[in-house]
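Structural characterization, general
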Amino acid sequence: MQQHNVLILDFGSQYTQLIARRVRELNIYCEIHPFNKIPKNINSFKAVILSGSPFSVRSEEAPHPDLSEIRGKKPLLAVCYGAQYLANFSGGLVAPSNTREYGRANLSFIKNEETFFKDISVGSQVWMSHSDTIKELPTNGVLLASTHDVENAAYKIEGENTYAIQFHPEVYHSTDGAKLLKNFLVNIAEVEQNWTPNSFVDSTVNNLKEKIGDDKVILGLSGGVDSTVAGVLLHKAIGENLHCIFVNNGLLRKNEYESVLQQYEGMGLNVKGVDASNRFLDALEGISDPETKRKAIGRVFIEVFDDEASKVENAKWLAQGTIYPDVIESVSVNGGPSATIKSHHNVGGLPDFMKLKVVEPLRMIFKDEVRRVGASMGIDKELLGRHPFPGPGLAIRILGDITSEKVRILQEVDAIFINGLKEDGLYNKVWQAGAILLPVNSVGVMGDERTYEKVVALRAVESTDGMTADWVNLPYEFLQKTSNKIINNVKGVNRVVYDISSKPPATIEWE
């Protein structure tokens, strides 16, 4: 990106990504980097935010970054751990709280005529999440706000554009969090609000032209939003040098291979269909571990692209529709301290012999941002509204080993569920939906005969970016109708359940 506006230093908080989302909602570009890998081009950033952390500043293992190029030189906002860090190592005192301070609180004092709290009043709700508390402010610290239980809820450093808050403005429960971030970034740091879908398209296309030149690129299309938007961006940049491949991995939804190929007709993309379903199913034979499945699928994907690339003269790049949540959940953010949850096929399983370099035009943006970018380029609304579908396909919705019969069963179940959502006008009210084939059989009765067949779970969630999600309260009548239709029409299934778990603590997919 050309606009390095805001740097977020990650101390391992699970809220760090929410900070990035809130900043981008202000049309301000930001990047997350680990506290121990501060970018060398620090001067290209106009402001810095320090995240929270699961560590205590009093711990020997606590993150201890060198802020000498930031403190007093750039506007700095320290959140939670960041606020405690500045206090603890700059002449203040941080000590354990008598009680763990977690959850909703209300501001009981705000310093008058302070730009930082412009349009925010006493009584505003904030969200606390910490076990230590700031007993004494750092040298030159000036108190800005308090809550009933936390005296030093916000402060600034006299003589610097450095501000610190004990609460989390990025979470939904801090009702004026967006105002506070805007006050700091726009009114104090004077960061321009110029990051829009159109600006992203312009800068990305220019960067792709410079990076790729006259080389040819192989892109694996999936039919989903991410790879499609990536394809259109690349097509804008390199035109006919983009060669798109849509692979049938044998793990797609029912009739998806044919329908997706038809979908791309008329979009101007050079798309070739490759049926490699047997190759994928062979690679998955006997594998039950979900991580091993993902690695195997990623490996075969790349092998297929490698085979196809050899047929395209001067193909040097493999393009992928990787987006920010894929990266965040697969590895620590930019090698930082955030915990790994699971790997994604886009960012894992790349074999050593891969002959293509990787280009990922969407790597730094979230799902909702991908949709806005796609809309700005005129991509069909129906395609942009399509639910996310995992890259490994139904392999990670079949718990246990994969067989062609299990794939058939799940394809039939999934088709009934998804088509039912569309028929009942529920599809666009759901962010992602799918069915999971469980590795258990249950006793049932059909036509006075005992059955012992498969159990399937239905899953529907609402979200904006996949980082957090809540289960959708689908009407009982719809669930009843769908369950009956599945059991009556899909041979091998005699029980249907509905998943009412949120993320966190669960993930959207079961594997």
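All chains use their own residue numbering, which begins from 1 and follows the written sequence. The model is predicted, so local features are restricted to residues of pLDDT at least 70 and side-chain atom pairs to those at 80 or more, both for listing and for counting; the totals for chains, interfaces and linings are taken over all residues. The basis for every side-chain value is the complete set of heavy atoms in the structure, and neither hydrogens nor water enter the calculation.

This part is about the overall build of the protein. Helix numbers and strand numbers start at the N terminus; a helix is a DSSP run of H or I with at least 4 residues, a strand a run of E with at least 2. When its secondary structure is counted, the protein shows 13 helices and 18 strands. C-alpha atoms of the protein, sized along the principal axes, occupy 75 × 65 × 40 Å. Considering the protein as a whole, with its 511 residues, one finds that 59% of them fall into the buried category. Any two residues having at least one pair of non-hydrogen atoms within 4.5 Å are treated as being in contact. Here the analysis covers contacts within the protein between residues at least 6 apart in sequence; of these, 74% occur between residues at least 24 apart. To be clear on the numbers: accessible area is Shrake-Rupley with a 1.4 Å probe, and residue cover counts the displayed protein chains and nothing else. Working note: accessible area of the protein is about 22100 Å², and carbon and sulfur atoms make up 46% of it. Neither His nor the chain ends contribute to the count of charged residues, in which Lys and Arg are positive and Asp and Glu negative. For the purpose of locating charges, the reference atoms are NZ of Lys, CZ of Arg, CG of Asp and CD of Glu. Distance between charge centres in the protein, computed from 54 positive and 64 negative side chains, equals 1 Å. Buried means the residue's accessible area, taken with a 1.4 Å probe over protein chains only, is under 20% of the maximum for its type, while exposed means over 50%, and partly exposed covers the values in between.

Before going further, it helps to spend a moment on the packing of aromatic side chains. We call Phe, Tyr and Trp rings a pair once their centres come within 6.5 Å, taking the six-membered ring for Trp, and we label the pair stacked below 30 degrees between planes, edge-to-face above 60, and tilted otherwise. Across all of its chains, the model carries 14 aromatic pairs by this definition. Here Phe280 and Phe301 contribute two aromatic rings whose centre-to-centre distance is 5.1 Å and whose plane-to-plane angle is 65 degrees, an arrangement assigned as edge-to-face. Residue Phe280 is found in helix H7 (residues 277–284), and its partner Phe301 is found in helix H8 (residues 290–309); the two are separated by 21 residues along the sequence. Residues Phe280 and Phe301 agree in their burial class; the two are buried.

The next subject is helix H5 (residues 225–238). Multiplying 1.5 Å by the residue count of a helix minus one yields the expected span of that helix. Compared with the 20 Å implied by 1.5 Å per residue over 14 residues, the 20 Å span of H5 between its first and last C-alpha is a close match. For H5, the buried fraction is high: 12 of the 14 residues fall into the buried class. Next to the buried residues of H5 lie helix H4 (197–212), strand E10 (216–221), strand E11 (242–248), strand E13 (315–319), helix H10 (367–376) and helix H11 (381–384). Once H5 finishes, Gly239 follows within two positions and takes phi at roughly 55 degrees, a positive value.

As a further point, take the state of the cysteines. Pairs of cysteine sulfur atoms within 2.5 Å are what we label disulfides. For the structure on display, the rule yields 0 disulfides. Cysteine Cys30 is unpaired, with the sulfur of Cys80 as its nearest cysteine sulfur at 19 Å. We classify Cys30 as buried; its relative accessible area is 1%. What makes Cys80 buried here is its relative accessible area of 4%.

Taking every second residue as pointing to the same face, both faces of strand E9 (residues 162–165) are buried, with Thr162 and Ala164 on one and Tyr163 and Ile165 on the other. In this analysis, strands are considered paired if DSSP registers two or more bridges between them. Here strand E4 (residues 76–79) pairs with E9 via 4 bridges, running parallel. Paired with Val79 across the two strands is Ile165, which belongs to E9. As paired elements, strand E8 (residues 154–157) and E9 share 4 bridges and run antiparallel to each other. Residue pairing for E9: Ile157 is matched across the bridge by Thr162. Linking E8 to E9, which pair antiparallel, is a turn of 4 residues; within it Gly159 sits at a positive phi near 85 degrees.

This brings us to the sheet that holds E13. Sheet strands associate in pairs through backbone hydrogen bonding, adopting either a parallel or an antiparallel arrangement. As summarised here, the arrangement of the 5 strands in space is E12-E11-E10-E13-E14, forming an open sheet in which the pairing is parallel. Across the chains shown, the open sheet's two edge strands, defined by having one partner strand only, are strand E12 (271–275) and strand E14 (357–359). Strand-to-strand, the axes of this sheet are offset by a mean angle of 35 degrees, without reference to chain direction. Alignment of E11 against E12, held across 5 bridges, turns out to be parallel. Bridge assignment links Asn248 to a residue of E12, and that residue is Asp275. The axes are straight lines fitted to the C-alpha atoms, using for helices just the contacting stretch, and the angles between their N-to-C directions are given from 0 to 180°. Contacting E10, E13 and E14, H4 runs over the sheet at an angle of about 170 degrees to E14. Packing against the sheet, H5 makes contact with E10, E11 and E13, and its axis sits at approximately 160 degrees to E10.

In summary, soluble globular proteins display a tendency toward joint burial of nonpolar side chains. Among buried residues, those of type Ala, Val, Leu, Ile, Met, Phe, Trp, Tyr and Cys that are joined through side-chain atoms within 4.5 Å constitute a nonpolar core. The biggest cluster of nonpolar side chains holds 51 residues, and the ones touching the most others in it are Val413, Leu421, Leu474 and Ile486. Residues within four places of Val413 in sequence aside, it is in contact with Ala435, Val456, Leu458, Ile486, Val490 and Val493. Listed in part, the 41 residues of the second largest apolar core include Ile19, Ala153, Tyr163 and Val191.

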